[in-house]
Amino acid sequence: MRVINHLDELESESIYILREVAAQFENPVLMFSGGKDSILMVYLAYKAFYPAKIPFPLLHIDTGHNFPETIEYRDSLVEKFGAKLIVGSVQEAIDQGLVSEEVGFNASRNGLQTTALLEALEKGKYDAALGGARRDEEKARAKERFFSHRDEFGQWDPKNQRPELWNLFNGRKNMGEHFRVFPISNWTELDVWQYLAKEEVPLPSLYFAHEREVIERDGTLLADCGFINKRPDEKVFVEKVRCRTIGDVTCTGVWRSDAENVEDIIKEISTTRMTERGGRTDDKRSETSMEDRKKLGYF
């Protein structure tokens, strides 16, 4: 007899939620960043609806400041699953005057993604956006429900959410409103890696230790690139690093590491005390930076 473990239970819960989205909403979309959590979401969606194709298009918000490896992996994954890819562009939002490019040494396009995201959701008339956020990542994300309501402006009110008792999910909405749905809310970073290892899921090379040119800024290592405005005293040096999260290259800190495979990564995060987003400089702009962005429509 097959033994059911906690990964099986998490998989079953997530697949149930994915199927609930397909049943309750008319036009869902799956958010894809190229990170491990959104990769997990794609594989769970594949399992949930096999042998049919994934019934949701994938939506990637392109800052224009991505790691090249992220885009290469995204395109190969889309081809593998025969999925439809939609790209929302921060550069287009800048060109149209919808947002202004940040200036200065800490300039980043990460916060500008919100406008591009809301534009893409409105253009596609999507009534549900599936994301790979987890409750253990960050304190603001711990406040989300599985079905998390957004008003007609795409904004989130953490104090006005619906109860979710006995796995009952309420997707009723008014015209112009939509939901953000988080099927892997109850997973931890360690759960994700253990599942990816069990399923032998191919992953972007960024997650594995490699030598890279970096700079150190306020205790965080950033991958050197043409998008970062370096201070006069910041010197470029080579370090063996990997990513724990993947986002805009200007704010995604890299992590000193010798982990060259998934098993090494599992051992590494099992013993570290630094949180997964501890190297994200966008989270350090204020104590409530993530919650403030989410209230405005950020994922």
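Report follows, based on the coordinates.

Each value, and the rule that gives it
- Residues numbered from 1 in each chain as written.
- Predicted model: local features only at pLDDT ≥ 70, side-chain atom pairs only at ≥ 80, totals over all residues.
- Heavy atoms only, no water.
- Buried < 20%, exposed > 50% of the residue type's maximum accessible area, 1.4 Å probe, protein only.
- Helix = DSSP H or I, 4+ residues; strand = E, 2+ residues; numbered from the N terminus.
- Arc of directions from axis to C-beta.
- Contact = heavy atoms within 4.5 Å.
- Polar contact = N/O pair within 3.5 Å; in protein donor to acceptor, adjacent residues only side chain to side chain.
- Pairing = 2+ DSSP bridges.
- Axes fitted to C-alpha atoms, helices over the stretch in contact; angles between N-to-C directions.
- Salt bridge = Lys/Arg side-chain N within 4 Å of Asp/Glu carboxyl O.
- Core = buried A, V, L, I, M, F, W, Y, C linked by side-chain atoms within 4.5 Å.
- Domains from an automatic or database assignment.
- Right-handed = clockwise from strand over helix to strand, strands pointing away.

## Focus on helix α7 (residues 262–271)
Those residues of α7 not exposed but buried are V262, I265, I266, E268 and I269. Around the axis of α7, the buried residues are gathered within 165° of arc, so they sit on the same side. What points out from α7, more than 90 degrees from its buried face, is the exposed set K267 and T271. Check the buried side of α7 and you find it contacts α6 (189–199), β9 (237–242) and β10 (253–256). Here α7 starts with a cap whose side-chain oxygen sits 3.2 Å from the backbone nitrogen of E263, and that cap is N261.

## Describing the sheet that holds β10
With antiparallel pairing, 4 strands are arranged side by side around a closed barrel as β7-β8-β10-β9. If you compare each strand with its neighbour and ignore which way they point, the axes differ by 70° on average. Looking at chain direction, strand β7 (residues 210–217) and strand β8 (residues 220–223) are connected through 4 bridges and run antiparallel. Of the residues in β8, the one forming a bridge with I215 is L222.

## Structural notes on the pattern of salt bridges
In the structure shown here, the tally under the stated rule is 19 salt bridges. Among the ionic pairs, R242 bridges to E268, the shortest N-O distance being 2.8 Å. Of this pair, R242 sits in strand β9 while E268 sits in helix α7, and the two are 26 residues apart along the sequence. Neither R242 nor E268 differs from the other in exposure class; each is buried.

## Description of the sheet that holds strand β1 (residues 28–31)
Read across the sheet, 6 strands follow the order β3-β2-β1-β4-β6-β5 without closing on themselves; strand pairing throughout is mixed. Single-partner strands in this sheet number two, and they are β3 (85–89) and β5 (147–150). Taken over all neighbouring pairs, the strand axes of this sheet differ in orientation by 30° on average, direction set aside. Looking at chain direction, β5 and strand β6 (residues 178–181) are connected through 4 bridges and run antiparallel. Residue H149 lies in a different strand from β6, and its bridge partner there is F179.

## A look at the nonpolar core
In terms of nonpolar packing, the biggest core is built from 62 residues, with L18, F147 and W193 touching the most fellow members. Among the elements that take part in this core, helix α2 (residues 36–49) stands out by supplying 9 residues, more than any other. Formed jointly, this core draws a minimum of three residues from each of two domains, domain 1 (6–192 + 288–296) and domain 2 (204–281). Core analysis: the second largest hydrophobic core is formed by 16 residues, V99, A116, A120 and Y126 among them.

## Structural notes on the pairing of strand β2 (residues 58–62)
Summarising burial for β2: 4 of the 5 residues are buried, a large majority. Here β1 runs beside β2; their pairing, made up of 2 bridges, is parallel. Looking across to β2, one finds that M31 is bridged to L59. The parallel pair β1 and β2, bridged by α2, forms a crossover whose chirality is right-handed. Across 5 bridges, β2 lies against β3 in parallel orientation. Bridged to L59 within β3 is I86.

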